[in-house]
Amino acid sequence: MYSEATTESSETTEPVTAMTGQTDSTSQGQKADTAEKNVKVKAENVRLWYGQAQALHDLNLNIYEREVTALIGPSGCGKSSFLRCLNRMNDLIPNVRIEGQITLDGEDIYDPDVDVVQLRSNVGMVFQKPNPFPKSIYENVAYAPRLHGIANSRRELDELVEHSLKRAGLWREVSDRLQTPGTALSGGQQQRLCIARAIAVNPEVILMDEPASSLDPLATATIEELIDELKDRYTIAIVTHNLQQAARVAGYTAFFHMGEIVEFNDTDTLFTNPREQKTEDYITGRYG
Ligand SMILES: Nc1ncnc2c1ncn2[C@@H]1O[C@H](COP(=O)(O)OP(=O)(O)OP(=O)(O)O)[C@@H](O)[C@H]1O
Ligand SMILES: [Mg+2]
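Residues numbered from 1 in each chain as written. Chains lettered and ligands numbered in written order. Predicted model: local features only at pLDDT ≥ 70, side-chain atom pairs only at ≥ 80, totals over all residues.

Enquirer: Please give an account of the overall build of the protein chain that cites residues and values.
Expert: A tally of regular secondary structure across the protein chain gives 10 helices and 11 strands. Counting only residues that meet the buried cut, the protein chain has 44% of its 288 residues in that class. Sequence separation of at least 24 residues holds for 70% of the intrachain contacts in the protein chain that already meet a minimum separation of 6. (Helix = DSSP H or I, 4+ residues; strand = E, 2+ residues; numbered from the N terminus. Buried ≥ 20, exposed ≤ 12 C-beta atoms within 10 Å, placed from the backbone. Contact = placed C-beta atoms within 7 Å.)

Enquirer: Pulling in residues and values, what's your account of the nonpolar core?
Expert: In terms of nonpolar packing, the biggest core is built from 72 residues, with Leu71, Ala196, Ile206, Leu207, Ile236 and Ile238 touching the most fellow members. Tallying contributions element by element places helix 6 (residues 187-199) first for this core, with six residues. Other than its neighbours up to four places away in sequence, Ile238 contacts Val68, Ala70, Met208, Pro211, Ile227, Val249 and Ala250. (Core = buried A, V, L, I, M, F, W, Y, C linked by C-beta atoms within 7 Å.)

Enquirer: Tell me about the site of ligand 1, and name the residues and values.
Expert: The local shell around ligand 1 consists of Tyr50, Ala55, Gly73, Ser75, Gly76, Cys77, Gly78, Lys79, Ser80, Ser81 and Ile93. Sort the elements by how many residues they give to the shell around ligand 1 and helix 1 (residues 79-85) lands first, with three residues. (Near = placed C-beta within 6 Å.)

Enquirer: Pulling in residues and values, what's your account of helix 4 (residues 154-167)?
Expert: Three or four residues apart is the spacing at which side chains of an α-helix point the same way, because the helix has 3.6 residues per turn. An ideal rise of 1.5 Å per residue puts 20 Å on 14 residues; helix 4 measures up with 20 Å between its terminal C-alpha atoms. Taken residue by residue, helix 4 has Leu157, Leu160, Val161, Ser164 and Leu165 as its buried positions. Viewed along the axis of helix 4, the buried residues span an arc of 125 degrees, placing them on a single side of the element. Its buried side turned inward, helix 4 meets helix 3 (137-147), helix 5 (171-174) and helix 6. Trailing helix 4 by a residue or two, Gly169 shows a phi angle of about 70 degrees, which is positive. (Expected span 1.5 Å × (residues − 1). Arc of directions from axis to C-beta.)

Enquirer: Just give me the short version of the packing of helix 3 against helix 4, but keep the residues and values in it.
Expert: Running from amino to carboxyl end, helix 3 crosses helix 4 at an angle of 120 degrees, the nearest separation of the two axes being 9 Å. Viewed along their axes, helix 3 and helix 4 adopt a mutual orientation that is oblique. Note on packing geometry: the crossing formed by helix 3 with helix 4 is right-handed. The segment helix 3 lies against helix 4, with Tyr138, Val141, Ala142, Pro145 and Arg146 engaging Leu157, Leu160, Val161, Ser164 and Leu165. Of the residues contributing to the contact of helix 3 with helix 4, the split by class is eight nonpolar, one polar and one charged. (Axes fitted to C-alpha atoms, helices over the stretch in contact; angles between N-to-C directions. Parallel < 35°, antiparallel > 145°, perpendicular 65-115°, else oblique. Left-handed = near helix turned anticlockwise from the far one by under 90°. Nonpolar A, V, L, I, M, F, W, Y, C, P; charged D, E, K, R; others polar.)

Enquirer: Explain the environment of Lys129 to me, using residue names and the numbers behind them.
Expert: Of note, Lys129 is situated in the loop between strand 7 (123-126) and helix 3. Of the residues examined, Lys129 has 13 C-beta atoms within 10 Å and is grouped as partly exposed. Sequence separation of Lys129 and Cys194 is 65 residues, and the distance between their C-alpha atoms is 9.9 Å.

Enquirer: Can you lay out the environment of Ser164 for me, pointing to particular residues and giving the numbers?
Expert: For Ser164, the location among the structural elements is in helix 4. By the C-beta count within 10 Å, which is 25 here, Ser164 ends up buried. Note: C-alpha distance between Ser164 and Ile199 (35 residues apart in sequence) is 6.1 Å. When neighbours within four sequence positions are excluded, Ser164 is seen to be in contact with Val141, Ala196, Ile199 and Ala200.

Enquirer: Go over helix 6, please, and point to the residues and values.
Expert: With 13 residues, helix 6 should reach 18 Å at 1.5 Å per residue; the first-to-last C-alpha distance of 18 Å fits that figure. For helix 6, the buried fraction is high: 12 of the 13 residues fall into the buried class. Taken together, the buried positions of helix 6 are occupied by Gly188, Gln189, Gln190, Gln191, Arg192, Leu193, Cys194, Ile195, Ala196, Arg197, Ala198 and Ile199. Summarising the contacts, the buried residues of helix 6 are in contact with strand 7, helix 3, helix 4, helix 5, strand 8 (205-209) and helix 7 (217-230).

Enquirer: Hey, could you go over unusual backbone geometry for me, with residue numbers and the actual values?
Expert: Glycine aside, negative phi is the norm for most residues, and most peptide bonds take the trans geometry. Positive phi is not limited to glycine here, since Arg66 has a value of about 55 degrees. Topologically, Arg66 is positioned in the loop between strand 3 (53-64) and strand 4 (68-72). Not every positive phi belongs to a glycine, and Asp105 is a case in point at roughly 50 degrees. Relative to the assigned elements, Asp105 resides in the loop between strand 5 (96-104) and strand 6 (107-108).

The structure is reproduced here in structure tokens:
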């Protein structure tokens, strides 16, 4: 029988102390109910260069366990670059240099002893454009668990595939055609298939880079509902250009601008009572 991840992090409880590096972290006006949260992913003084060009400047951010954190900001401000730091996807890009520290449950993910393949299944990623493998629906979900030895017998794999597709809200639509190609599904279904694929290897954190931006409003709503359900089990960071979407799905929001995090707060406060003029300009549509 396929068993759930039981990893609970209890080590890193600390108050919200966001996150700009420029502002006094005690005077940032977070609500009292956010005072004690488990920090799942902690980024400290993260700086990133592509060759000579610095794209991220001293970013600090706490991503809370079993919460949705939205990353918003104008195009080119570094949201995707930052997201890719969180599961070392930038390692795959030549000439990238990263400084600072990122921890997952208090462990440095850039430590030389870290198994990067394991890290990337623990911190899964869903991209803007759905990218199912050119394989059957079944194989899209079963491939990685088989590779990682998570499920070995055919029966275990069948159960895991069903479980993952159910959790991704896709099972009902595909249960009678698991052997058809994943690429034959609609865009919204493909995106849920990619979420099922990420879930199948038992991640704790799911990173999503504009997961609904290529989808129609109905498929977008389905993905948003799914994110809302997933946050009961997973820690989620989502990049979005859709501010309504951030307001709907995210408990916390970080506003990025020119490679810096200008402001981080619970989403309500950030949208209704931003501290920084730049945040206000952005959320009221004055630029970006
Ligand atoms: N592979 C790369 N090589 C060189 N420069 C890059 C690379 N990826 C991103 N950049 C640069 O880093 C900066 C931040 O880009 P990034 O893609 O992180 O922004 P973003 O906030 O995700 O933008 P968008 O909202 O358009 O997706 C930009 O100036 C971009 O040109
Ligand atoms: Mg991007």
